[in-house]
Structure formats: structure tokens, C-alpha cells
Amino acid sequence: MEPDGTPTSIEERLRRLEAAARPLEPDAGARDRLHDAIRRLAERYLARIANDAESPAAGTPDVLGAYVQAADPAAGLLERPIAERGAALDDVVALLEREVLEPGGHPASPGHLAYLSGGGLYHAALGAYLGAVTNKYPGIFFTGPGPVRMEDRLVRWTADLVGFPDTAAGYIASGGSLANFTAVVTARDARGLRGSDLASTVAYTTSQAHHCIDKALRLAGLAEVELRRIPTDAGHRMRPAALAEAIAEDRAGGRVPWLVVATAGTTDVGAVDPLRGIADVAEREGCWLHVDAAYGGYFLLTEQGRERMAGIERADSAVLDPHKSLFLPWGAGILVVRDGALLADAHGGSGPYLQDAENARAVVSPADLSPELTKPFRALAMWLPLVLLGTRPFAAALEEKLLLARYFRRRVAELGFEVGPPPDLSVATFRLAPSDVNPAEADAMNRRIVDALRRDGRIFLSSTVLDGRFTIRMAALPHRTHRRHVDLALHLLGEEMATERG
Ligand SMILES: *Cc1c(COP(=O)(O)O)cnc(C)c1O
């Protein structure tokens, strides 16, 4: 309605709405201003966390100190409403810096030796940016031939690294959890498991398997399937002989062995299960062999990794996380399946709205091979760095991390810590276990050491429980982590040990 009471024409309403929606389409100048502000924010952040000063003490980032010390981290975000009117760019940048970039851990920083963090490779971030700005469609070949062929190349490259034949297929998921889930669904359908079979069906893994395996079984409707934990050796690796015994026992008891999940690089200690021995058993028993190499996978680019993971080529499926051992930003886990037809059988589907794509179907699309239809253009974040840089710097960085873990283990033992088994990959475990201190007090001591390092904030080490004892982990994985950062960790541990031991 106009002020004089006459109805507003459709044409006039369209004109006004277009003007009101105009902020959604910034012009080139506005884009420059936005881009500059975000780029400067990213540069300030990188200068702080990834300071490459030679002297760690002078320039090492505060990876966790502020978080540990803050009472209610990131609470400022809760006070910022999603309102009808937008906020000023400077205010929003300040809010982001204070409430998002500052609190919590800094997984891209070289001192982040906790959990398993790859580091947010810059080239990959730019790939993600370009994918998002262009919004090219990665789900189906008909409208997204470039993204689909790119994903196909990366899956093929990964399948080649694993040693799978030409029949292999796969896809880029959001991470290891979803990729492992997709593998379990594929193994379920490949063996035709049904409701009435479930209670007598058995899957096998170890106590060291990632919890997403258990979760994948539940999500796949297989909560009734028994997940047996096979005993491990001193290095926390599955014992193939114990696997064979468990399977024989189950067969004798009328149960049906179905799936073996081996881990190539456990989350806690980086242990690689003996894949050849396990493949022998799985093959003989007709079990689907899945290898969860979410952390360890791309160490296949190194000689040590290939030796440790020999036998992975005999798996039926494998998961490798580029957001761990290829240093990508969060959001990439690859599943490869030896017989790609089984992946397609488990994940096919369509609808009438896709009939144009059906008619133009030349290439199998990720949507035919995975639970997802529309997804981010993940391939570009992986392809850009690999093609721009080549694989050599990745192999060198991974070999460096393997060596850093061995170096750290030797040096921390020299300081007087009790060390875990020699690392298969880039995680070393250790604890203070003085002979004159009882186990409960030793646990408390190690907890105090971890807490003290967190308060200092320059190095972030995480802890776990191994064989019932509080244990500290040093995981060298971010690409920016080098010897000086590990030396700083050793220096701080030496100081804390002196404090503990008086
Ligand atoms: C990290 C990890 C996972 C889970 O992967 P996300 O990418 O975090 O979902 C699964 N298995 C292993 C061995 C892992 O280290």
C-alpha cells in the first residue's frame, strides 16, 4: 500500500526488495574492504601462533594459556544477537579476534603437540575459499564435472598410495568419523547383514580403536553386533594370533565373524596393528577387513610409514584423514573401498528432480558413493596444495614428524621420564614414575605436570590413560612443528620434573 492508499504495484515492490537485499551483493570495492579486513585478521593470527622466530622462548605462541585462565571462554559470543540490522565490520573483526581466535587451543600452532592436529595448511585454506566463493557443485558430475573429476583424482591417488586395484572407489567425507561410518555401512551391505542375523554377528578390533567405530556400528543399526576387543602386544597393537583364536571360538559357538577393524596409527599412541598378519586371518576367515588409518594414512608417503603399514593393500576398505596427516584444515577424511561397486551398491539413490543428471550420466559422482548429496567443495582444499607444491614437501614434513617423535622419546627418557614403546608413527608417550612414589601419587604428579604446561601455554600436551595409568602424550603432527618446539617441550618438562622432585 502506498501512503495515498493505492496498492503498490508488483514492479515497485520488486524494486524496493532488490534495494533492501542489496547488501548481499557487495560490489568490487566492498569486497576488497571485506577481504582486506579478514586477510589482515588471519595475518595477525598467523604472526602470533606461527611465529617462526629461532628462539622458541622469544616467539613461541601461547597455545592454551589464555583458555585455561579464562573463567567462561567465548562467552562474549552469547551476548551478540543475530539481529535485524548488521554490525560494523571493525566491531565484528574485534569480536572474532577476542572471542573466537583467542580462546581455546590453537591447532595450527607448532606448539600444539596434543591430540592429532594437522595444522590448517594455508594453500588448502585458499582452495576452500575459492570453492566457497564460486560455489561450484561437487555432488554430481552433470553440473560439477570439474569438482567431481578433481575428487576422483584425489581418491584415485589415495587408493594408489594404499595399493588398491583399479576397481577401487571412494569419496571425501567431512572426516574420519563419517568415512569410517560409510565403511561400516558398506561392509554391512556387502555381507547382506539383516536384523535376524545381528545378535550372532561379531566384529573385532582392539581396546585402542577410535570410539567412532563403536559409534559407526550403532549408527548403522548394528548395535546388537558384538564388538570384541582383541588383546594387544606391549606396543598396544592387535595380536593376530589372538584374533584367530577369538574367531575360532566364535565359530565354535555358532556365531558369525563378519568384520575386522584394524588401526594404522591409534589415536592414543600411534600404534600400527600388524596388518599383514591380520589380513592373513581376515582372508582365511572371510571377514571384511577395514583399516582405520585416519591418523596414520598419509605417512604412506614415507618409507617408514610404508614399512609399518605393509599389508594395508590387502584391506577391503581404508580411511585416511587429509585433515590430520596432510595438514589440511578440518573437514576432510577419505574412504577408499577396494571393490568400488560395493560402495556404490550401499549408497546409490536418486529422485525425479535429478532426471537431467541421469540423462547426462557419464561419470560416477560422489553422491552415488556416499551418504551426502550436497557438500562443500572439499577436493579443492586438498588438490590445490598437492598440485601447487607437489608431494615432496609433504613427505619431508611427515618424515620430520616421525623423527621428532623418536628424538623426543630419547630425550625425555634422558630427563628421567618412563617412556612408552618406540613410536610406530609420530606419537610418543611418557610419564613420571619414580620408584619411591605409589601409583596414585605418580598419577597426580603427571596430572600436575600437564596442568603446569597448560598454564604456561606455550606447549600443549594432552594426556590419556594407558594400562590404567595416567600417561602424557607428545603428538608431533602440525606441519609447523620443528625441533625447536619439541626442545621447548623438553625444557619445560625438565623444569616441571625438577619442581616435582624437589
Ligand atoms: C581422528 C581419528 C578418527 C576420527 O576422525 P575425525 O576426522 O576426527 O572424525 C578415527 N580414527 C582414528 C584412528 C583417528 O585418529
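Worth saying up front: this structure is predicted, and the values here are computed from it rather than measured.

## Let's talk about the site of the ligand
Then comes step 1: Around the ligand, 16 residues are found, and the nearest of them are Gly-176, Ser-177, Asp-292, Asp-321 and Lys-324.
Then comes step 2: Gly-176 places a main-chain nitrogen or oxygen 2.7 Å from an oxygen atom of the ligand.
Then comes step 3: A distance of 3.1 Å separates an oxygen atom of the ligand from a polar side-chain atom of Thr-267.
Then comes step 4: Here the ligand has 380 Å² of accessible area as a free molecule, and 86% of this is covered by the chains.
Then comes step 5: Elements with a contribution of two residues or more to the shell around the ligand: α8 (176-190) and α13 (322-325).
Then comes step 6: Here the element with the most residues in the shell around the ligand is α8; it accounts for three residues.
Then comes step 7: A class-by-class count of the residues in the shell around the ligand yields four nonpolar, nine polar and three charged.

## Considerations on the pattern of salt bridges
Opposite charge on two side chains allows them to pair when their charged atoms are near.
Then comes step 1: Across all of its chains, the model carries 31 salt bridges by this definition.
Then comes step 2: For the salt bridge of Arg-98 with Glu-99, the shortest nitrogen-to-oxygen distance reads 3.2 Å.
Then comes step 3: Overall, the relative accessible area of 48% leaves Arg-98 in the partly exposed class.
Then comes step 4: Among the salt bridges present, the one from Arg-411 reaches Asp-487, with a minimum N-O distance of 3.6 Å. Here the residue Arg-411 occupies a position in helix α17 (residues 392-415), and Asp-487 occupies one in helix α19 (residues 483-501), the gap between them amounting to 76 residues.
Then comes step 5: Judged by relative accessible area, which is 23%, Asp-487 ranks as partly exposed.
Then comes step 6: When salt bridges with common partners are traced through the structure, they connect Arg-410, Arg-411, Glu-414, Arg-483 and Asp-487 into a single cluster.

## Let's talk about the packing of aromatic side chains
Then comes step 1: Within the structure shown, the criterion is met by six aromatic pairs.
Then comes step 2: Seen from their ring centres, Tyr-115 and Phe-460 are 5.7 Å apart, and the 75° between their planes marks the pair as edge-to-face. Separated by 345 residues along the polypeptide, Tyr-115 in the loop between α5 (89-101) and α6 (122-134) and Phe-460 in the loop between α18 (439-456) and β10 (462-466) bring together distant segments of the chain.
Then comes step 3: Taking the relative accessible area as the measure of exposure, Phe-460 reaches 6% and is therefore buried.
Then comes step 4: Counting every residue linked through ring pairs, the aromatic cluster contains Phe-408, Phe-417 and Phe-430.

## Remarks on the nonpolar core
A general tendency of soluble globular proteins is for nonpolar side chains to be buried together.
Then comes step 1: Ranked by internal contacts, the top residues of the largest apolar core, which has 64 residues, are Leu-243, Val-260, Leu-289, Val-291 and Val-336.
Then comes step 2: Filtering out sequence-adjacent residues up to four positions away, Leu-289 remains in contact with Val-260, Ala-262, Ile-278, Ala-279, Ala-282, Arg-314, Ala-315, Asp-316 and Ser-317.

## A word on the side chain of Thr-464
Then comes step 1: In this structure, Thr-464 sits in strand β10.
Then comes step 2: The class for Thr-464 is buried, based on a relative accessible area of 13%.
Then comes step 3: In this structure the side chain of Thr-464 is engaged in a polar contact, spanning 2.9 Å, whose partner is the side chain of Asp-268.

## Let's talk about empty space enclosed by the protein
Then comes step 1: Taken as a whole and assessed by the stated rule, the structure comprises two cavities of 30 Å³ or more.
Then comes step 2: Approximately 80 Å³ is the volume found for the largest cavity.
Then comes step 3: Lining the largest cavity are Gly-235, Arg-237, Val-269, Gly-270, Ala-271, Pro-421, Pro-422, Pro-423, Asp-424, Val-427, Ala-428 and Thr-429.
Then comes step 4: Along the lines of polarity and charge, the residues of the lining of the largest cavity split into seven nonpolar, three polar and two charged.
Then comes step 5: A volume near 30 Å³ is recorded for the second largest cavity.
Then comes step 6: Around the second largest cavity sit Ile-140, Phe-141, Phe-142, Ala-357, Ala-360, Arg-361, Ala-362, Val-363 and Ser-365, which together line it.
Then comes step 7: Here the residues of the lining of the second largest cavity sort into seven nonpolar, one polar and one charged.

## Points about a nonpolar patch on the surface
Then comes step 1: A surface patch of nonpolar side chains, about 460 Å² in accessible area, is lined by Tyr-122, Leu-126, Tyr-129, Leu-130 and Val-133.
Then comes step 2: Inspection of the secondary structure puts Leu-126 in helix α6.

## Let's talk about the sheet that holds strand β5 (residues 288-293)
Then comes step 1: Taken in spatial order, the seven strands line up as β1-β7-β6-β5-β4-β2-β3 in an open sheet, and their pairing is mixed. Looking along the sheet, the strands with just one partner apiece sit at the ends: β1 (169-173) and β3 (226-229). Here the average twist between neighbouring strands, direction ignored, is 20°.
Then comes step 2: Pairing of strand β2 (residues 201-205) with strand β4 (residues 256-263) involves four bridges; the strand directions are parallel.

About the cut-offs
- Residues numbered from 1 in each chain as written.
- Predicted model: local features only at pLDDT ≥ 70, side-chain atom pairs only at ≥ 80, totals over all residues.
- Heavy atoms only, no water.
- Near = heavy atom within 4 Å.
- Polar contact = N/O pair within 3.5 Å; in protein donor to acceptor, adjacent residues only side chain to side chain.
- Areas by Shrake-Rupley, 256 points an atom, 1.4 Å probe, with all protein chains shown as cover.
- Helix = DSSP H or I, 4+ residues; strand = E, 2+ residues; numbered from the N terminus.
- Nonpolar A, V, L, I, M, F, W, Y, C, P; charged D, E, K, R; others polar.
- Salt bridge = Lys/Arg side-chain N within 4 Å of Asp/Glu carboxyl O.
- Buried < 20%, exposed > 50% of the residue type's maximum accessible area, 1.4 Å probe, protein only.
- Phe/Tyr/Trp six-rings, centres within 6.5 Å; stacked < 30°, edge-to-face > 60°.
- Core = buried A, V, L, I, M, F, W, Y, C linked by side-chain atoms within 4.5 Å.
- Contact = heavy atoms within 4.5 Å.
- 1 Å grid on protein atoms, 1.4 Å probe; cavity = no way out; pocket = protein on both sides within 12 Å on 5 of 7 lines; lining within 4 Å.
- Points joined across faces, edges and corners; volume = space filled by probe spheres on them.
- Patch = residues over 30% accessible without salt bridge, like charges linked within 9 Å, V, L, I, M, F, W, Y side chains within 5 Å.
- Pairing = 2+ DSSP bridges.
- Axes fitted to C-alpha atoms, helices over the stretch in contact; angles between N-to-C directions.

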